[in-house]
Every structure is written in C-alpha cells, then in structure tokens.
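Chain by chain, the residues:
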Amino acid sequence: MKKQITDTVLMIRPVRFRTNEETIVNNYFQKGINITQEEINRKAQQEFDTLVQKLREVGVHVIQVEDIYEQDTPDSIFPNNWISFHNNGDVAIYPMFAENRRRERREDILDIVEEAGFEIENVFDYTEAENEGIFLEGTGAMVLDRIHRKAYCALSPRASEELFIEFCEDFEYTPVIFRAFQKTDGELKPIYHTNVMMALGRTFAIVCLDTIEDKNERKNILNHLKEDKKEIITISREQVDYYAGNMLEVKGKEHSYLVMSQTAYESLTPQQIEAIERHTQILYSDLSTIEICGGGSARCMLAEVFLPHSK
C-alpha cells in the first residue's frame, strides 16, 4: 500500500560533527562558528538527542545509530542523502559529491534496519556514478510524492539530470525537473538540495516559488501540485535561508507531525502556521548548531523507513 508518511525514521548520532570543508564549496547555507570542534560536536549531540526524544514522545519510532569516530564523517547526521527506503522493500544507495561523505555509507546500517523488524528485497546502488563525477544525493536532491509517484528535482552539482531520470525509471516515478537559485554575495547560484526549498506532505506542499526563475518551470510545478490536490503554502527566499523549506511530515501515535527546526518555525507567519495546522501538527526543536555548521536542518536528519515489516 502506498503512503506518503511513515512512523519510522533512521537517525545517525554524530561523533565528529563540524563544518564540512568539502561541502562548503556549494552549500551556501553553511557558516563557520567561533568555538572548538569538540564544543560544536557536543552542542550538535545535545540538539540531536532532544529531537530524538521529542519524536519518540509523540510515537515516532527512531532507529538510532551511533556514528563511527574513526570514519571522520562530519555530515553523518544527514543520512537521507545517501540512502532511501521504499515500501516495496527496495533500498537506494546514492553517489555523494563530497569524498568524505562517501564514508557515511555503511552496510551494517542495512543489517540494523532489518534487525529493527524490516524486510529489504533489492538494493539499487548508484554509487559508481561518482567515478564520472555524477551525483544524486538522495531525498536531499529529490522530493518524492510517494502516492502520486512524482519526483521533484532542482538540478545542481549534487543532482544530475541523467541519474535522476534513471532513478525515476527504476522506482517508477514521473520526473519533475526544474532549477532553483539562491542569492549569495549578490549572485544567483543553484540551491544545492531540493529539500531546502520544498517539502511535501500528504495534502499540502511547502515551496519557495521565488527560487525558480523560469516561469514555465514554476508553472509546471504548480500544475503538478494542483493536479494532486495539494494545498500550496508558499515561503519566501528569506524563509528558505531559515530552513522553512526543510521540513518533513511523519506519523505519530495519534497525529501526524510536520518536523522542523525552531529557526524555521520562528520564521513562519501566523497565516502560514494556520495553513500548516489545517493538515498536521507542528513539532519543532532547536537545531541551530547543526544548521549553522552543517547547512542542513530537520528534514536532512531523517531518513524515512517505508520498508515492509518482516513476516
């Protein structure tokens, strides 16, 4: 049975979190911070633990895995970029732009997910594309409408059109391709991941249309969302900078929740909050260290598990 939201997420607890020197070249959300790396990691762990606790309190199942110190993977807290789990038992493993992020991919994590009671049928491994300098960073690069089988992708150095179309053929999605830009130092530069300017819930879509310069591409996205009867909640470029596009709807015990950071929540207008709350409840948590140093927020930390349960 197709479903858009799940009650189970995989989360990786960081052990060497910091500003990743290899990703800052095209992640314009990343900033430096003037404290020691040990302090940065400690704060990130606190923020991580608090979010896990809040999710578990509302009935979301969190498969928590500790990162490996020796691997030296500063961005391991964002597993949705290298793996995705699908309701037919398929798993996809993705090629990553930064070399030090490729070390995040761990076979033992598949075993841990299976031990948590899920069944894996097939693994689609796209990582050989790295040899040709071609990347597709999972559900960071793509925003999936799992019910209507549509995949939205803003092309960037981390989202190859060729590989995106291959994924869509393998997983039976209709590709919706566009380009999205952010203003950095007075210049328009490609937004590195689609999921910072767009989020899809069961019955709504949060999207920053201002980032899509091409009118036809903007119109095409709107047509798809309207066709699928999504209420469209638009956000501004400035709100994108506050991670208001980096949100994920998950299923709790009694309600669904749109998970976001405190920064994102505080950037929303009362009208936007009211619009969201017509569809779901809001769950937010302080992720400021993770956002400043990592250039990612709540959605990036959650790899949704849609796999079938073991018999």
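Along each chain, the written sequence defines residue order, and numbers are assigned to residues from 1. In view of the model being predicted, local features appear only for residues whose pLDDT reaches at least 70, and side-chain atom pairs are presented and counted only at 80 or more, with totals across whole chains, interfaces and linings using the full set of residues. Processing note: side-chain calculations cover all non-hydrogen atoms of the structure and skip hydrogens and water entirely.

Undergrad: It is not clear to me how the packing of aromatic side chains should be interpreted in this structure. Could you clarify?
TA: Note on aromatic pairs: each is described by the distance of the centres and the angle between the planes. Pairing of aromatic rings covers Phe, Tyr and the six-membered ring of Trp, with a centre-to-centre limit of 6.5 Å; geometry is then stacked below 30 degrees between planes, edge-to-face above 60, and tilted otherwise. Applying the stated criterion across every chain yields a total of 8 aromatic pairs. With centroids separated by 6.2 Å and ring planes inclined at 20°, the aromatic side chains of Tyr94 and Tyr126 adopt a geometry described as stacked. One end of the pair, Tyr94, is in the loop between strand S4 (90-93) and helix H2 (107-115); the other, Tyr126, is in the loop between strand S5 (122-125) and helix H3 (138-141), with 32 residues separating them in the sequence. Three exposure classes are used, based on accessible area relative to the maximum for each residue type with a 1.4 Å probe and protein chains only: buried under 20%, partly exposed in between, and exposed over 50%. The buried category is assigned to Tyr126, whose relative accessible area is 5%. For the ring pair Phe167 and Phe171, a centre distance of 4.7 Å and an interplane angle of 20° mean the geometry is stacked. Of this pair, Phe167 and Phe171 both sit in helix H4 (residues 161-171), 4 residues apart, which is roughly one turn of that helix. Given a relative accessible area of 5%, Phe171 falls into the buried group. Grouping aromatic residues by their ring pairs yields a cluster made of Tyr94, Phe124, Tyr126, Phe167, Phe171 and Tyr173. For a Lys NZ or an Arg CZ to count as sitting over a ring, it must be within 6 Å of the ring centre and within 35 degrees of the ring normal. Lying across the ring of Tyr69, Arg16 places its NZ or CZ 4.2 Å from the centre. We note Arg149 situated over the ring of Tyr173; from NZ or CZ to the ring centre the distance is 4.1 Å. Here a helix means four or more residues in a row that DSSP labels H or I, a strand means two or more in a row labelled E, and each is numbered from the N terminus.

Undergrad: Where do I start with the sheet that holds S5 in this structure?
TA: Sheet strands pair via backbone hydrogen bonds, and the direction of the pair is either parallel or antiparallel. The mixed open sheet is built from 3 strands, whose spatial order is S3-S4-S5. The sheet is open, and its two borders are formed by strand S3 (83-85) and S5, each paired with just one other strand. Put simply, the sheet's adjacent strands are angled 15° from each other on average, direction ignored. DSSP calls a pair of strands paired once it identifies at least 2 bridges connecting them. Two strands pair when backbone bridges link them, and S4 and S5 are joined in this way by 4 bridges, in the parallel orientation. Opposite Ala92, over in S5, you have Phe124 as the bridge partner. Where helices are involved, their axes are fitted lines through C-alpha atoms of the stretch in contact, as for all axes, and angles between N-to-C directions lie from 0 to 180°.

Undergrad: I'm lost on the pairing of strand S1 (residues 8-13) in this one. Help?
TA: Regular strands place their side chains on alternate faces of the sheet. Most of S1 is tucked away, with 6 of its 6 residues classed as buried. Of the two faces of S1, both are covered, the one formed by Thr8, Leu10 and Ile12 as well as the one formed by Val9, Met11 and Arg13. Relative to strand S2 (residues 61-66), S1 is paired through 6 bridges, and the arrangement is parallel. Within S2, the position partnered with Arg13 by the bridge is Glu66.

Undergrad: Honestly, H2 in this entry has me stumped. Any pointers?
TA: Structural remark: α-helix, 3.6 residues per turn; residues separated by three or four positions point the same way. Along H2, the positions that sit buried rather than exposed are Ile109, Leu110 and Val113. Mapping the buried residues of H2 onto a view down its axis gives an arc of 105°, with all of them on the same face. Exposed residues on H2 whose side chains face more than 90 degrees from its buried face are Glu107 and Glu115. Residue contacts are defined here by distance: any two heavy atoms, one from each residue, within 4.5 Å place the two residues in contact. On the buried face of H2, the contacting elements are S1, S2, S3, S4 and S5. Taken from the residues just after H2, Gly117 is the one with a positive phi, measuring 105°. It is the directions from the helix axis to the C-beta atoms that the arc portrays.

Undergrad: What is the right way to read the confidence of the model for the protein from this model?
TA: By definition, pLDDT measures how confident the predictor is in each residue, and it falls between 0 and 100. Residues with a pLDDT of 70 or more make up 94% of the protein, whose mean pLDDT is 93. For residues 22-30, every residue scores under 50 in pLDDT, and the model assigns this stretch 39 contacts once sequence neighbours within four places are set aside.

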